[in-house]
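Structural description and commentary
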Amino acid sequence: MSSIATSPPPQSPMEIPKDPFVRRVTKKLTTKEGWFGSYNFGFLCLPQFPYGKNRVARVPPPFYSLHADLPILLAIVCGFQHSLAMLAGVITPPIIFASELNLSADYQSYMISASLISSGILSMVQMSRIRLWRNYYLGTGLITVVGTSFASLSTASAIFNALYADGTCPSTTAADGTVTRGACPDAFGALIGTTLVCSFLEMAMSFVPPAKLRRVFPPLVTGLTVVLIGASLIGDSGFLNWGGGSNGCQERPELPSIFHLCPTIFAKKPLAFGSPQFLGLGFLSFVTIILVEIFGSPFMRNASIIIGLIVGMIVAGATGYVDSSNITSAPAITFLWVKRFKLRVYGPAVLPGLAVYIALAMEAIGDITASSEVSRVEVDGPEFDSRIQGGVLADGIAGFLSGLFTVTPMSIFAQNNGVIALTRCANRKAGYVCASFLILYGVLGKISGVFLSIPNPVLGGVTTFLFASVFASGVKVLSYIKWTRKERFILAASASFGLGNLLVPTWATYLFADVNNPSTALSGFFNSIVIILSTPYLIAGIVAVILNLIIPDDAPERDDVVHSTSPAPGYVDSQPGLPMLGKSTDVEKTAGMEDEDYKARVEPSEGVSGVSSGVQARTTVLEA
């Protein structure tokens, strides 16, 4: 018996499956679908013509939800739009701070770069959704980018005034009474050091249930606060820069003051405050924003503020108002801590700083709610509450870290919700791209030099619109209230302080002027009170919170309506004989009524034979 040896069949080489992550990345980078998807970029980039017969309704692209697969190019384009939408808001506060403290150009350039870098880093923290324990999170998990808060501008101005008044910061007084402030970087260090400590309040508030926070800080309080922030910024910064500057030249002091002309007599092309040339430059930037809103594509409309700056900058450069020395002196590459400030806690600023963080927490709750709505996620329930909690916590941590980054407090920017609505993209990948662009803008120091070279009138025309947008956001929040008697009363009482302070800024300046030789602690307390009373939104917000808690709610209105069954004494019917619609026509004969009087009331008079049957006409008898 012989056996036939059979060899096993040849085996094909073992096929090792690719890693799913590698396969997804490869497909994303090598396919048209991965780069472009099905997004209609024509809708995003082509201008619109809203007038005439040729107007065409464009079909919007699909909505990319929070966890959708986002094409690479769309992530880059949308992230770039988000960065442009918030760019003006991020650079404006450091420019204003540096101007008020008369800091040198290298400090100003650094402060702009630090704000941009910090905004990018802290936006990534805010957009994350890191679970800490149980139902507590860090971040919102939405496109909630953060930037330098406007809420600290008015408070900072009052703090700087106090530091110059008590001699902490240098200043000189001319023979004509004109006060010239010297450079005071230590004042900025006191500001960021104090706000760094106060940020713990917002962190603690993040663990309070959102329902209780909304009970103490309803839309009436938050809306009025935002309205007054926007209004005060228009008057303190926007319109002053539009006219030429806010560094003292608006007073038109006489020579030899360097602020005899704006921005100073040493500028490349100085002019008196309010000159037609200055007003024209600001108006050009302002009108550009309007034209972009009318005719621009969604991409341009999202970047209308920057386009207004660019157009104004081009015209100002062509007419000789741009000083390029700031661009030349700016470093090519920079980062955080290239310039440093002495951090310290300024006692009188603690109470105002705590009030600022309360306002930031309320602003964060409103912005997170709006972001949730526009992102088409839940706006109620445990998941939504966890987004509020995580967002407020990240906002407080951002305030702490921003102080370490030599930047004033950061807050969530509301204008990016408009970008989400226009681009129809709520995916966080676009937000992370936006944050990367902001960091890049800050690292490239020459970009900060360009922003620093923007003439005051151009900046003023743009920031006036920007601050007015803040005002409009507050009005929108106020539209949510029911306008009961209680709410109208609280609004009137709190606005009395806010608007009065806004129109007469010095009304509380001399409150404690007659107190002789106060101690250091008492003097600091007095300064703290004056700072609060001198900041419109702080005093108005405090009054609104207190009244909202102590004034009882209105009793619910009854649905039943009482109708009169007979005319009031002396009433004369304008059309005798016609029925009184909606009224009872029954007439009872009372004691003392003559038969003729009763008959006249129940019988129709002449000329009313056309009244349909079943309706009793009555006339009114005049009483002597």
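These numbers were taken from a predicted model, which means no experiment stands behind them.

Further remarks concern the overall build of the protein. A tally of helices and strands in the protein yields 23 helices and six strands. Counting only residues that meet the buried cut, the protein has 46% of its 624 residues in that class. Put simply, of all contacts in the protein between residues at least 6 apart along the chain, 78% involve residues at least 24 apart. Counting only carbon and sulfur atoms, one obtains 63% of the accessible surface of the protein, whose full area is about 31,400 Å².

So, about the state of the cysteines. This structure, assessed with the given rule, holds two disulfides. Two residues, C169 and C184, share a disulfide whose sulfurs are 2.0 Å apart. In this structure the cystine formed by C169 and C184 twists about its S-S bond by roughly -60 degrees; its chirality is therefore left-handed. In this pair, C169 sits in the loop between α6 (151-165) and β4 (171-173) while C184 sits in the loop between β5 (179-181) and α7 (185-205), placing the two residues 15 residues apart along the sequence. Judged by its relative accessible area of 2%, C169 is buried. For C184, a relative accessible area of 3% corresponds to the buried category. Covalent S-S linkage joins C249 and C262, the inter-sulfur distance amounting to 2.0 Å. A torsion of 105 degrees about the S-S bond marks the disulfide between C249 and C262 as right-handed. Of this pair, C249 sits in the loop between α9 (219-243) and α10 (276-295) while C262 sits in the loop between α9 and α10, placing them 13 residues apart in sequence.

This brings us to unusual backbone geometry. The omega angle of the peptide bond from C262 to P263 is -5 degrees, so this bond is cis rather than trans. Look at W483: it is not a glycine, yet its phi comes out positive at around 60 degrees.

Geometrically, a pair of aromatic rings is defined through the distance of the ring centres and the angle of the planes. In total, this model carries 20 aromatic pairs according to the counting rule given. Here Y107 and F341 contribute two aromatic rings whose centre-to-centre distance is 5.5 Å and whose plane-to-plane angle is 50 degrees, an arrangement assigned as tilted. Taken together, the residues span a long stretch of sequence, with Y107 in helix α5 (residues 105-127) and F341 in the loop between α13 (325-329) and α14 (350-374) at a distance of 234 residues. Among the aromatic residues, ring-to-ring pairing joins F97, Y107, F160, F188 and F341 into one connected group. Across from the ring centre of Y107, 5.2 Å away, lies the NZ or CZ of K339, which sits over that ring. When the ring centre of F63 is taken as reference, the NZ or CZ atom of R376 above it lies at 4.0 Å.

Before going further, it helps to examine the pattern of salt bridges. Taken as a whole and assessed by the stated rule, the structure comprises four salt bridges. Its salt-bridge partner being R301, residue E293 comes within 3.4 Å of it at the nearest N-O pair. A relative accessible area of 22% places R301 in the partly exposed class.

With that out of the way, let us pick up the environment of L360. With respect to the helices and strands, L360 occurs in helix α14. Classification of L360 by relative accessible area gives buried; the value is 0%. Sequence separation of L360 and S149 is 211 residues, and the distance between their C-alpha atoms is 8.2 Å. Apart from the residues lying within four places of it in its own chain, the contact partners of L360 are S149, A151, E202, D395, P409, M410 and S411.

Next up on the list: a nonpolar patch on the surface. The grouping of F21, V22, V25, L29, W35, F36 and I76 at the surface amounts to a nonpolar patch, some 620 Å² of accessible area in total. Tallying contributions element by element places helix α1 (residues 20-30) first for the nonpolar patch, with four residues. Examined against the element boundaries, V25 turns out to sit in helix α1. On the accessibility criterion, V25 (33% relative accessible area) is partly exposed.

Below, the discussion takes up α5. Taking 1.5 Å per residue, 23 residues should reach 33 Å; α5 reaches 33 Å between its end C-alpha atoms and fits that length. Among the 23 residues in α5, 17 count as buried, and that is most of the element.

On to the nonpolar core, then. Within the largest apolar cluster, 136 residues are counted, with the highest numbers of intra-cluster contacts made by F97, L101, M111, L116, F150, F188 and Y537. For this core, the element with the most residues is helix α4 (residues 72-100), which contributes 14 residues. Not counting residues within four places of it along the chain, the set of residues in contact with L116 comprises L87, V90, I91, L438, I439, Y441, G442 and F451.

The next subject is the environment of I546. Of note, I546 is situated in helix α22 (residues 536-550). Given a relative accessible area of 45%, I546 falls into the partly exposed group. Taking C-alpha positions, I546 is 9.4 Å from I490, a pair spaced 56 residues apart along the chain.

Rules used in this analysis
- Just so you know, the residues in each chain are numbered from 1, in the order the chain's sequence is written.
- Confidence filtering applies because this is a predicted model: local features only for residues at pLDDT of at least 70, side-chain atom pairs given and counted only at 80 or more, and all residues used for totals across whole chains, interfaces and linings.
- With hydrogens and water stripped out, all remaining heavy atoms of the structure feed into the side-chain values.
- Note on conventions: DSSP H or I runs of at least 4 residues are helices, E runs of at least 2 residues are strands, and numbering of each starts at the N terminus.
- Per-residue accessibility, obtained with a 1.4 Å probe over protein chains only, is compared with the maximum for each type, and a residue is labelled buried under 20%, exposed over 50%, and partly exposed between these values.
- Residues count as neighbours in contact if any of their non-hydrogen atoms are within 4.5 Å of one another.
- Surface accessibility in these figures is a Shrake-Rupley result with a 1.4 Å probe; residues are shielded only by whichever protein chains are displayed.
- Any two cysteine sulfur atoms within 2.5 Å of one another count as a disulfide.
- Note on aromatic pairs: the rings of Phe, Tyr and Trp (six-membered ring only in Trp) are paired at centre separations within 6.5 Å, and the planes decide the class, stacked below 30 degrees, edge-to-face beyond 60, tilted for the rest.
- Both a distance and an angle decide whether a charge sits over a ring: NZ of Lys or CZ of Arg must be within 6 Å of the ring centre and within 35 degrees of the ring normal.
- Criterion for a salt bridge: a side-chain nitrogen of Lys or Arg within 4 Å of a carboxyl oxygen of Asp or Glu.
- Only residues whose relative accessible area exceeds 30% and that form no salt bridge are eligible for patches; like-charged ones are grouped when within 9 Å, while nonpolar side chains (Val, Leu, Ile, Met, Phe, Trp, Tyr) are grouped when within 5 Å.
- In this analysis, the expected span of each helix is defined as 1.5 Å times one less than the number of residues it contains.
- By nonpolar core is meant a set of buried Ala, Val, Leu, Ile, Met, Phe, Trp, Tyr and Cys residues that side-chain atoms within 4.5 Å join together.

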